[in-house]
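Notes for the structure review
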Amino acid sequence: MTTSVIIPAAGSGVRLGENRPKAFVDVGGASILARTVASILAVDDLELDRIVVVVPAEMIGPVREELAGVGCEVVVVAGGAERSDSVRAGLQHVTGEFVLVHDAARPFTPVPVFRRVVAALRAGNPVVVPGLPVVDTLKRVDAQDRVDETVDRAVLRAIQTPQGFHADALVAAYAPDSDGPGTATDDAGLAERAGLPVLVVDGDPDAFKITTPWDLRLARDFAKGRA
Ligand code: CTP
Ligand code: MG
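You'll find the chain entered in an unreviewed UniProt entry as 2-C-methyl-D-erythritol 4-phosphate cytidylyltransferase, with Gordonia crocea given as the organism. Here the chain is described in UniProt, under the heading Pathway (unreviewed entry), as follows: "Isoprenoid biosynthesis; isopentenyl diphosphate biosynthesis via DXP pathway; isopentenyl diphosphate from 1-deoxy-D-xylulose 5-phosphate: step 2/6."

Structure (structure tokens):
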């Protein structure tokens, strides 16, 4: 069962606040995107068909050049205004039975996370996402920041990527007649709204997303430890 990976890397990184799109920020001598591609290629039993990298239009040429010869087929296409637009653009170019959608911004995702997602896809689950238990106490607040209630965190998971799909499930999630992105902040959210069951497998703290300057400092420390 072969797999394609879509890497949405077309965001501008507003919260990070660097002077370039986030995926192209340097972390210890390599771009965030280059590290993410390398982390996928390290998963030797993925049966990888191709990687579809979705980038800002002006980065297509440089990324094609940078990723030529990485050892698997790489397709580079332009993204859109919202993350879901970028994934939709990538979806036009996938092949194979399974599709993983993996944020460029999670360059240190460990190999076992990919393996757990793919194993659950191979076991027949149409949509599989990695998730972590929530450690902080969670409170719902009103518009004045007054606490309405404390939420039961035992039934909550913080969801990461790679998010795995049987190819037809991802196509159904992104079908033009589905409700549109709305409040769904991830790909599995669109699948849920299309009525598909979504399984959560164990994520890993190392699969953190670089979102803020604090995350970038953490990532640069990580890179020192990993060379
Ligand atoms: N992404 C994308 N296309 C967009 C928006 C986001 O491909 N229009 C990608 C980002 O490049 C990133 C992933 O989706 O790899 C997760 O998004 P996020 O962390 O929100 O990145 P940005 O949108 O770039 O950051 P910000 O929201 O702070 O601007
Ligand atoms: Mg964003």
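1. Let's talk about the nonpolar core
Counting 29 residues, the largest nonpolar core has Ile7, Ala9, Leu33, Val53, Val55, Val63 and Leu100 as the members making the most contacts within it. Elements with a contribution of two residues or more to this core: strand 1 (3-8), helix 1 (32-41), strand 4 (48-55), helix 2 (60-67), strand 6 (98-101) and helix 4 (111-122). Broken down by element, this core gets its largest block of residues, five residues, from helix 4. Counting 21 residues, the second-largest nonpolar core is a separate cluster that includes Ile6, Val77, Ala167 and Tyr174.

2. Notes on the site of ligand 1
In the vicinity of ligand 1 lie 18 residues, with Pro8, Val14, Lys22, Ser86 and Lys209 positioned nearest. Separating an oxygen atom of ligand 1 from a backbone N or O atom of alanine 10 is a distance of 2.8 Å. With respect to ligand 1, the backbone of alanine 81 contributes an N or O atom lying 3.0 Å from a nitrogen atom. Contact with the protein chains hides 87% of the accessible area of ligand 1, taken as 560 Å² for the molecule alone. Split by residue class, the shell around ligand 1 holds seven nonpolar, five polar and six charged.

3. With respect to the UniProt feature "site: Positions MEP for the nucleophilic attack" (unreviewed entry) in the chain
Taking the UniProt record as the reference, the feature "site: Positions MEP for the nucleophilic attack" (unreviewed entry) is found at Arg153 and Lys209. Relative to the elements of secondary structure, arginine 153 occurs in the loop between strand 9 (147-151) and strand 10 (157-159). Taking the relative accessible area as the measure of exposure, arginine 153 reaches 36% and is therefore partly exposed. If we skip the residues at most four places from it in the chain, arginine 153 touches Val134, Val135, Asp136, Thr137 and Leu138. Turning to its location among the elements, lysine 209 is positioned in the loop between strand 12 (198-202) and helix 7 (213-226). Engagement of the side chain of lysine 209 in a polar contact is seen with the side chain of threonine 211, the distance being 3.0 Å.

4. Observations concerning the packing of aromatic side chains
Applying the stated criterion to the full structure yields three aromatic pairs. Where phenylalanine 108 meets phenylalanine 208, the ring centres are 6.2 Å apart and the plane angle is 25 degrees; that geometry is what we call stacked. Highlighted residues: phenylalanine 108 in the loop between strand 6 and helix 4 and phenylalanine 208 in the loop between strand 12 and helix 7, separated in sequence by 100 residues. For the pair phenylalanine 108 and phenylalanine 208, a shared accessibility class is recorded, and that class is buried.

Conventions used here
Here the residue numbers are simple positions, counted from 1 along each chain's written sequence. Just so you know, chain letters begin at A and ligand numbers begin at 1, following the order they were written in. Per-residue local features of the predicted model are confined to residues with pLDDT of at least 70, and side-chain atom pairs are confined, for both listing and counting, to 80 or more; whole-chain, interface and lining totals are unaffected and use all residues. As a rule here, side-chain values come from all non-hydrogen atoms in the structure, and water together with hydrogens is ignored. UniProt positions are given in the numbering used here, feature names are shortened, and annotations may be inferred rather than shown by experiment. For the purposes of this section, nonpolar cores are sets of buried Ala, Val, Leu, Ile, Met, Phe, Trp, Tyr and Cys residues that join through side-chain atoms within 4.5 Å. Remark: exposure states derive from per-residue accessible area (1.4 Å probe, protein chains only) relative to the maximum for the residue type, with buried under 20%, exposed over 50%, and partly exposed in between. The way it works is that DSSP assigns letters per residue, a run of H or I at least four long becomes a helix, a run of E at least two long becomes a strand, and they are numbered from the N terminus. Here a residue is considered near a molecule or strand provided that any single heavy atom belonging to it is located within 4 Å of it. In the analysis that follows, any N or O atom pair within 3.5 Å is treated as a polar contact, provided that within protein one partner can donate a hydrogen and the other can accept it, and provided that, for residues neighboring in sequence, both atoms belong to side chains. All accessible areas in this document rest on Shrake-Rupley with a 1.4 Å probe, and a residue is counted as covered only by the protein chains that are shown. Any residue outside Ala, Val, Leu, Ile, Met, Phe, Trp, Tyr, Cys, Pro, Asp, Glu, Lys and Arg is labelled polar, Gly included; the first ten of those are nonpolar and the last four are charged. In this analysis, two residues are considered to be in contact whenever any of their non-hydrogen atoms come within 4.5 Å of each other. Here the aromatic set is Phe, Tyr and Trp, taking the six-membered ring for Trp, and pairing holds for ring centres within 6.5 Å; pairs whose planes are under 30 degrees apart are stacked, those over 60 apart are edge-to-face, and all others are tilted.

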